[in-house]
Every structure is written in C-alpha cells, then in structure tokens.
Amino acid sequence: MRPRDGARYDATSLLAFVLGRDAAWLLAHGDAPLSGVERARFEAAIARRARGEPVPYITGVAGFFGRTFAVDASVLVPRPETEDAVALALAATAAVAAPHYCDVGTGSGAIALTLALERPDATVTAIDVSPAALAIARRNARALGAEARVRFVLGDGLAAAPPAARFACIVANLPYVRTNDLARAPDPTSFEPRLALDGGADGLDAYRALVRDAVARGDDGTLVMEGGPDTARALADLAAGAFADARVETVRDLAGLERLVVVRRERRAPSENDVVP
Ligand SMILES: C[S@@+](CC[C@H](N)C(=O)[O-])C[C@H]1O[C@@H](n2cnc3c(N)ncnc32)[C@H](O)[C@@H]1O
C-alpha cells in the first residue's frame, strides 16, 4: 500500500470513530458538515496519529478474525498474520472433540477468544505475564460472550498452565523481536508494550522457555508458534532439536515470509526394532 493510501485509510478510520459512524456512511455523506466539537476531536485524533500512535490505540478497538477487540497501550495490536496461527490451530484440532487449547502470551485475548468462539465445544487456558493485558483480555471475553470457557492465568509462560491439563493445541505469539531491532518512535510499533515485543538478544528468549516447558509437559498435541521473518527459521531449528519424533514445519505469511512454526507431535507407530516384553 502506498503511504498516501495508508494516510487516507487512517484518516477515514479516525473520522468514522469520531462521528460514531462507519466508512460506508462517510462515503455516502462526504459533504456532511462537522460540528465544532467533532472537528476538535478529529484534529486531536489526527495529531496523535501524526506522532506515530497506531490507530487502534486511538479508537480503542482492533479487528481480528472478523470480530472487534478492545485494545489499549498495554496490549499488542492483533495482527492479520496471527489469524493464520488461529486457522492452523483450528485445522489441527478439527477431528478432536472438545479440545482444550492453551494460548501463551494472550495479550488482548485475540487468539484465545477466537479459538473459543470458533469452537463452541472448546475450553481455553489463556496465560499472560502482564496483569494489565489480562484485564483487557477478560474484558474482551465478557464482551464477546466467551468468559465461561476461557480460564485466564497470570503467570510466566507455559509453566503457569495447570500441570494436569492435556492440551490438544498450544498456540503462542510470544515476543520475538531482537532487542537491537526494537522500533523507535515514531514507528507505530514503538507505542506497543516492550513486554510484548522484546525477545532478547536473538529474539528467542521466551520461545526457548516455551519449547523447554512444552517438551517437559509431554502433551502429544500440536504446537503453533508465531515468529518474525528474521527469527522463524531459528525457532524451527530450536523446536526440531528439542522434540524427538515430531514433524516441524514453517508456514509463510501472505507476504511470502516465514512466520509460523508448527510442531506436530504424533504418537510414534510401533517399529520392528521395539523391544516387546
Ligand atoms: C506479541 S504479544 C501477543 C499478544 C496476542 N497473543 C496477539 O497475538 O495479539 C506477546 C504477549 O506475551 C506476553 N508475554 C511476554 N512474555 C511472557 C511470558 N514469559 N509469559 C507469559 N506471557 C508473556 C506479553 O505481555 C504480550 O501480551
């Protein structure tokens, strides 16, 4: 998208927000005058965007998988790429009755709540280390009618999940940006919480812990991890080295960049070399 198109789109979104209308109404009423209050609110919103702040932090909402999620500066703005992680988790568990999912690093709850809403027979454990993020996720669960089937856990990584739970699929979009690559203002990403982005020197700190804990748990379901174009390959190598008898694949996003790492832990078929007691 050309920058001018992006600016026009953002301005349209902000005007629609200020007027409490949608983009279709704006198109049909392009000559409607603004009141003084509306004009002042629109100019304030434009000024915030001009300083780099992402539109969803100004409007307080972001779209994900066809639903609207409340967001504020304590959570990452859910990304379209992450919808692919949800789609993979749903596909991997299509044949599983009443699946139990785990979303590690739930943020706004985008992944956890979408899984719960797309699979009305599912239960979900949603973990985040940030109390402020969990408050937003809980608010979204209430608004979207999913709170009865989503258990929120404040804690550090997969280790915070109930030990006895058996997950059909663990999904994680944990921080994966190398510390030296973190964006600076006015880049919109610089407005997002560092806790959601900073993956340490090689971008894999949070994922090293996740892979270690997933191996230790021994669930035999699927693990879906979102990485960045710069880190997905190393994340796949990390997973391949850690899981014996698992198929590890990377999945590209719409831009053709390696993005998702999928670990399929299938029960090993008996081999003729097995010792039969
Ligand atoms: C990249 S954001 C993803 C948010 C959401 N899942 C999404 O896809 O939009 C990462 C989230 O992981 C959380 N987080 C970071 N380190 C964590 C840890 N060690 N344990 C649990 N959550 C963590 C952050 O607070 C943040 O909400």
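Check the entry above for the structure.
Residues numbered from 1 in each chain as written. Predicted model: local features only at pLDDT ≥ 70, side-chain atom pairs only at ≥ 80, totals over all residues. Heavy atoms only, no water.

1. Description of the side chain of Thr 59
To keep it simple, the criterion reads: Under the DSSP-based scheme used, a helix requires at least four consecutive residues in state H or I and a strand at least two consecutive residues in state E, with every element numbered from the N terminus. Residues adjacent in sequence count toward polar contacts only when both atoms are side-chain atoms; beyond that, a polar contact is any pair of N or O atoms within 3.5 Å, and within protein one must be able to donate a hydrogen and the other to accept it. Note on definitions: a residue-residue contact is assigned when non-hydrogen atoms from the two residues lie within 4.5 Å.
Structurally, the position occupied by Thr 59 is in helix H4 (residues 55–59). Reaching out from Thr 59, the side chain makes a polar contact with the backbone oxygen of Val 61 at a distance of 3.4 Å. When residues no more than four places from it in sequence are discounted, the contact partners of Thr 59 are Leu 14 and Phe 17.

2. Here's the deal with the side chain of Arg 265
For clarity, the cut-off: Three exposure classes are used, based on accessible area relative to the maximum for each residue type with a 1.4 Å probe and protein chains only: buried under 20%, partly exposed in between, and exposed over 50%. In this tally, Lys and Arg are treated as positive and Asp and Glu as negative; His is ignored, and so are the chain termini. The working definition used for a salt bridge is a side-chain nitrogen of Lys or Arg within 4 Å of a carboxyl oxygen of Asp or Glu.
As for its placement among the helices and strands, Arg 265 is situated in strand E9 (residues 258–265). The charged side chain of Arg 265 is buried without a salt bridge, its nearest counter-charge being Asp 219 at 4.8 Å. There is a polar contact of 3.0 Å between the side chain of Arg 265 and the backbone oxygen of Asp 219. Polar side-chain contacts of Arg 265 include one of 3.0 Å to the backbone oxygen of Gly 221. The residues touching Arg 265, leaving out its near neighbours within four places in the chain, are Ile 170, Ala 214, Asp 219, Asp 220, Gly 221, Thr 222, Leu 223, Phe 243 and Ala 246.

3. Focus on the site of the ligand
As a reminder of what qualifies: Only heavy atoms are used to decide nearness, and a residue is near a molecule or strand if one of them lies within 4 Å of it. All accessibility values rest on the Shrake-Rupley procedure with a 1.4 Å probe; residue burial counts only the protein chains present in the view. All amino acids are sorted into three groups, where Ala, Val, Leu, Ile, Met, Phe, Trp, Tyr, Cys and Pro are nonpolar, Asp, Glu, Lys and Arg are charged, and the leftover types, Gly among them, are polar.
As a structural note, the neighbourhood of the ligand is formed by 18 residues, with Gly 105, Asp 128, Asp 156, Gly 157 and Asn 173 the closest of them. The separation between a nitrogen atom of the ligand and a polar main-chain atom of Gly 105 is 2.7 Å. Considered on its own, the ligand offers 600 Å² of accessible surface; in the complex 94% of this is hidden by protein. Here the shell around the ligand is composed, by residue class, of 8 nonpolar, 8 polar and 2 charged.

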